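Observations on the three-dimensional arrangement
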Amino acid sequence: MSSEQLILPTPAPLLSRKGWATFLMVLIAVCLVAPLLNLLVPQSSIFHMSDFAVLLIGKIMCFAICALAMDLIWGYTGILSLGHGLFFALGGYAMGMYLMRQIGLEGNYKSELPDFMVFLDWKTLPWHWTGSASFVFQMAMVILAPGLLALVFGFFAFRSRIKGVYFSIITQALTYAAMLLFFRNETGFGGNNGFTDFKRILDIPVTSQNTRMVLFVITGAVLLGFYLFSRWLVQSKFGRVLQAIRDAETRVMFSGYNPVSYKLTIWVISAVMCGVAGALYVPQVGIINPSEMSPANSIEIAIWAAVGGRATLIGPIVGAFLVNGAKSWFTVAFPEYWLYFLGAMFIAVTLFLPQGIVGLVRKIIGKNRMEGKA
Amino acid sequence: MVHKTISIFKTAVSIASVLVAFQVHALTTIEAKSIALGETDARIEALNKAMLVADEKTSEFVQAVADDMVKISGDNVFIVKDAKAFDPVTGAEVQLPAALEDIINNNRMRGELDTALAALKLFNKDESIRAAAIQALLKDPDEAKLPLLDKALSAETVLALKSQLTLARAAAMLGSADKSKRMEAAKALAESKDPATQLLLNDRLKIETEPDVKAQLQTSLTKIQSTLGLGDKLGIVFTGISLGSILLLAALGLAITYGLMGVINMAHGELIMIGAYATYMVQGLFRNYLPGVFDWYLIAAIPVAFMTSALVGVALERSVIRFLYGRPLETLLATWGISLMLMQLVRSIFGAQNVGVENPSWMSGGLAVLPNLSLPYNRIFIVLFAVLVLVGVWLLISKTRLGLFVRGVTQNRPIASCMGVNTARIDTYAFALGSGIAGLAGCALSQIGNVGPDLGQSYIVDSFMVVVLGGVGQLAGTVYAAMGLGILNKFLEGWAGAVLAKIAILVFIIIFIQKRPQGIFAMKGRSAEA
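Residues numbered from 1 in each chain as written. Chains lettered and ligands numbered in written order. Predicted model: local features only at pLDDT ≥ 70, side-chain atom pairs only at ≥ 80, totals over all residues.

In terms of regular secondary structure, chain A is built from 13 helices and 4 strands. Radius of gyration (C-alpha) of chain A: 22 Å, near the 21 Å computed for a compact globule of 374 residues. Expressed as lengths along the three principal axes of its C-alpha atoms, the size of chain A is roughly 75 × 60 × 40 Å. Restricting to contacts in chain A with at least 6 residues of sequence separation, those with at least 24 account for 77%. (Helix = DSSP H or I, 4+ residues; strand = E, 2+ residues; numbered from the N terminus. Rg over C-alpha atoms; globule rule 2.2 N^0.38 Å. Contact = placed C-beta atoms within 7 Å.)

Listed below in structure tokens is the structure:
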């Protein structure tokens, strides 16, 4: 890891030598070791990676992308969004629409239309489903839908200088409104039930072990790619301005910068990252419904980032793994106590760990080094 | 005025006719015989004739015929009860004749008997039975019942029932073969403000052939519709005000903790829920230990709900929130965590299901303002309660020493501290006050909705919207925002449905905030960081 100095005359390398080594190891682990352990090692072996583990880690990697996106906007720019669940869900829905069309005639009603439309007695596809049969078009929508929404919303919000808690609450209202809208059958997104029962992606069966593994590898690669991208972004001049906006927006303005374009750019990037995460998430878990947009989900993204450590990039990824790992263990072992634990985590992290776990670890390492030098 | 004169005249005529009728013997043997014997047509005619002068003997006899207790022996009619025979006219017991025959009532006859019995109920001593009988006749108007209705009208003393009877009379006349009578009825019905009348007129309009009457029907309908429209509009305004009061109650506590203190309390909804559960507990105590005064449990629940939520609020402030002053985003996350824990706690103690909180009996029912506008008492209670709480908070903030301190600390913390105000204590008090008001809101909400662990979640977004829209640091803004949102929401619901209305409101708020980022009432200041 590179040092986290803010006032550097020359740009720091993207990653230190040690950092690149770790990065490559993780890349190999995700792209080679995991598929080998899952597909080639026999199930009886202790080294076998179960399908459940593939699904769980794949899912958490999607969440980690969200946490990374949240870190860019909250950790580096100081804007707490409570609407990232909406962008995640929009990406998921864009992917889900394509997957619904891939079901073809194999639905319960043997119709060209998705089952829920037959159920609603619709005869033709609504206008917003026009391009849904094309993979390329829907992949473009994965980026465009959250991106455009973020652009329009962010433009108005940042232009009228809405910030801090006001912005957080308005984003929450936005995702809440969207959730209500998607819950309606008339909206044409399957209402309460959303999309499920997917059969194929690109004409390949979506539930087969191989497809799952491919999705897993893609998710891992995207996560690592986004990490490098974010790293590059925050070390660039652009990233420095973002941090300056976080620390003293008025002074940035007085120095001749226009914070609106900076905030808007990072806001849209962050939203698109969430959309991509959603699109990767849906084929793996096999369902998308409006509850993904509930305000609670969006706040949870913030807690992943906070637990790991804000403005560290690696922290939110660690946080996403820790919190979601704990969740999947708790909800099986002590379902009653999960909310206590989650709630306590919210409180403990804000009160005692403002820098998150990564901050704590760095502090300890720093202390040891000082003592070693002395 | 003319109408009134006519109706007085009518009443006079019908009283006269009844007097005439009473001079003759009410039920004669011949009548009894003609009702019991002969062809169905003749019997029905006799029955209807007898109904005009119905007295108690007649109704007893008709009831007996309907119950198959009337027997005949040759040419004589008897009411047979417990193997004893009675004379239907005098009621005296007579010798049981040897050869008794049943009378046969076919379906048509039975139908007539039932209507006759129903009509006789118009003269029952019980007011509610009379009211039900009038309603039945209103639904199924029949011209043949006109004389009967006239008689009932003259005998009726209760004002409300009298107007209902007039209506029923007009409805019966509407089916008359006489054109002038139909005209008169159509005119009279225009005075009614009942949705049922509208239906009646519409039905007649479909089959009416005379153009004059048709025109009159149309005019009457328009008139009724305008009255009904007024009622509907007032109804929407009232439900809007009632929703606004609910929002106000939910948001008022938040206006203090967020607006005055700048604390984002995401657990505010859970404090409302705790107030509702406190009400539930008080209700349980009253039911078990003081069942005699159960109806007044709500009065006792109000201070209990306030105190419970206020104490929880103090605990939160002392243990968590005071460490986070000046870090609103962290406060948001920490209080969200608190809300999760409180919800789970309530779920562990009371179960995940909703608990039942009953309205006290004085709160059930409603105040009928117009025939199609009835204001439920529990909604009226909420509105009044919200007003009381608002006045209380306003007095507390603007007139008391504590309020002065709270305002001082809000405006300038260091200076207030320099003046000797214990700012930390004021923070705690203010937070307790905001939480207590949330408890009051919970107590009120328990009377109109479900009480469950998720109660608070459904109000938190709404209450934040109200406070944000109203502007921070202003109670007046909160009031305007709550009422405005409540009424706007109900009007939108009228033509767009509940969900779309809610979405429209949220979008409206988002757009509004663009225009006025500080809410309706902005705090004026020169700070660049505002």
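When helices and strands are counted, chain B shows 21 helices and 7 strands. The C-alpha atoms of chain B give 34 Å as radius of gyration, which overshoots the globular expectation for 530 residues (24 Å, by more than 25%). Per-residue burial for chain B yields a buried fraction of 41% across its 530 residues. (Buried ≥ 20, exposed ≤ 12 C-beta atoms within 10 Å, placed from the backbone.)

What follows deals with the pairing of strand β1 (residues 70–73) of chain B. On any regular strand, side chains alternate: one points to one face of the sheet, the next to the other face. Residue and element names in this part refer to chain B. In this sheet, strand β2 (residues 76–81) lies alongside β1 in antiparallel orientation, the contact comprising 4 bridges. Note that in β2 the partner of Lys71 across the bridge is Phe78. In sequence, β1 turns back onto β2 through a hairpin of 2 residues, with Gly74 there showing a positive phi of about 65°. Inspection of the sheet shows β1 paired to strand β5 (residues 101–102) by 2 bridges, in the antiparallel sense. Within β5, the position partnered with Lys71 by the bridge is Asp102. (Pairing = 2+ DSSP bridges.)

Here we take up the nonpolar core. Counting residues in hydrophobic clusters, the biggest one holds 193 residues, and the most contacted among them are Ile65(A), Ala67(A) and Leu68(A). Broken down by element, this core gets its largest block of residues, 16 residues, from helix α2 (residues 51–75) of chain A. (Core = buried A, V, L, I, M, F, W, Y, C linked by C-beta atoms within 7 Å.)

All right, on to the interface of chain A and chain B then. Taken together, the contacts link 36 residues of chain A with 34 residues of chain B. Mapped by element, the contributors of at least two residues to the side of chain A that touches chain B are α6 (164–183), α10 (295–308) and α12 (338–352) of chain A. Examining the composition of the side of chain A that touches chain B, we find that 13 residues originate from one element, α6(A), more than from any other. Partitioned by chemical class, the residues of the side of chain A that touches chain B number 26 nonpolar, 7 polar and 3 charged. (Nonpolar A, V, L, I, M, F, W, Y, C, P; charged D, E, K, R; others polar.)

Right, let's get into helix α8 (residues 237–254) of chain A. Residues and elements named next belong to chain A. When the terminal C-alpha atoms of α8 are compared, their 18 Å separation across 18 residues is substantially less than the 26 Å that a helix rising 1.5 Å per residue should span. Ala248 marks where α8 bends most, by close to 125°. Buried within α8 we find Leu242, Ile245 and Glu249. Those residues of α8 hidden inside the fold are in contact with α9 (259–285). Positioned one or two residues after α8, Gly256 has a phi angle of 100°, which is positive. (Expected span 1.5 Å × (residues − 1). Bend = angle between axes of the 7 residues up to and from the residue.)

Turning next to helix α9 (residues 179–189) of chain B. Those residues of α9(B) lying buried are Arg182(B), Ala185(B), Ala186(B), Ala188(B) and Leu189(B). Buried residues of α9(B), seen end-on, are gathered within an arc of 165° and therefore sit on one face of the element. (Arc of directions from axis to C-beta.)

Residues and elements named next belong to chain B. Relative orientation of the contacting elements helix α20 (residues 475–496) and helix α21 (residues 498–515) amounts to 135°, with a least axis distance of 8 Å. The orientation of α20 with respect to α21, classified from their angle, is oblique. Here α20 runs over α21; the crossing is right-handed. Every residue of α21 that contacts α20 at Leu485, Leu488, Asn489, Leu492, Glu493 and Ala496 is listed here: Ala498, Leu500, Ala501, Ala504 and Ile505. Its residues placed into classes, the contact of α20 with α21 shows 9 nonpolar, 1 polar and 1 charged. (Axes fitted to C-alpha atoms, helices over the stretch in contact; angles between N-to-C directions. Parallel < 35°, antiparallel > 145°, perpendicular 65-115°, else oblique. Left-handed = near helix turned anticlockwise from the far one by under 90°.)

The sheet built from 5 strands is open, its strands ordered β4-β3-β2-β1-β5 (chain B) with antiparallel pairing. The sheet is open, and its two edges are formed by β4 (93–94) and β5 of chain B, each paired on a single side.

So, on to the domain arrangement of chain B. Domain parsing of chain B yields domain 1 (2–67 + 107–209) and domain 2 (235–355 + 424–515). Relative placement of domain 1 of chain B and domain 2 of chain B: their C-alpha centres are 55 Å apart. (Domains from an automatic or database assignment.)

This part takes up the environment of Ser168(A). Mapping Ser168(A) onto the fold places it in helix α6. Note on Ser168(A): 26 C-beta atoms within 10 Å, which makes it buried. Residues in contact with Ser168(A), not counting those within four places in the same chain, are Leu80(A), Leu82(A), Leu329(B) and Leu332(B).

Residue and element names in this part refer to chain B. Averaged over every residue, the pLDDT of chain B is 80; the share at 70 or more is 91%. In the model, residues 15–25 has pLDDT below 50 throughout and makes 6 contacts with residues more than four positions away in sequence or in other chains. Under the prediction, the complex receives an ipTM of 0.85, its pTM being 0.75. (pLDDT = per-residue confidence, 0-100.)

In this section: unusual backbone geometry. All names here are of chain A. Of note, Leu202 is a non-glycine position whose phi angle comes to about 50°, a positive value. The residue Ala311 is not glycine, and still its phi comes out positive at about 60°. On the secondary structure map, Ala311 appears in the loop between α10 and α11 (314–333). You can call Ala311 buried: it has 22 C-beta atoms within 10 Å.

Residues and elements named next belong to chain B. With 3 bridges connecting them, β2 and strand β3 (residues 84–86) associate as antiparallel partners. Its bridge partner being in β3, Val80 is matched across the sheet by Ala85. Here β2 hands over to β3 after 2 residues, with Asp82 in that stretch at a positive phi of 50°.

Let us look at the environment of Val314(B). Residues and elements named next belong to chain B. As for its position among the elements, Val314 is in helix α13 (residues 297–319). Residue classification places Val314 among the partly exposed positions, given that 16 C-beta atoms sit within 10 Å. In contact with Val314, not counting residues within four places along its chain, are Thr428 and Ala432.

What follows deals with the environment of Ala344(A). Mapped onto the elements, Ala344(A) comes out in helix α12. When the C-alpha atoms of Ala344(A) and Gly58(A) are compared, they prove to be 26 Å apart, with 286 residues separating the residues in sequence. Setting aside chain neighbours within four positions, we find Ala344(A) in contact with Gly337(B) and Met341(B).

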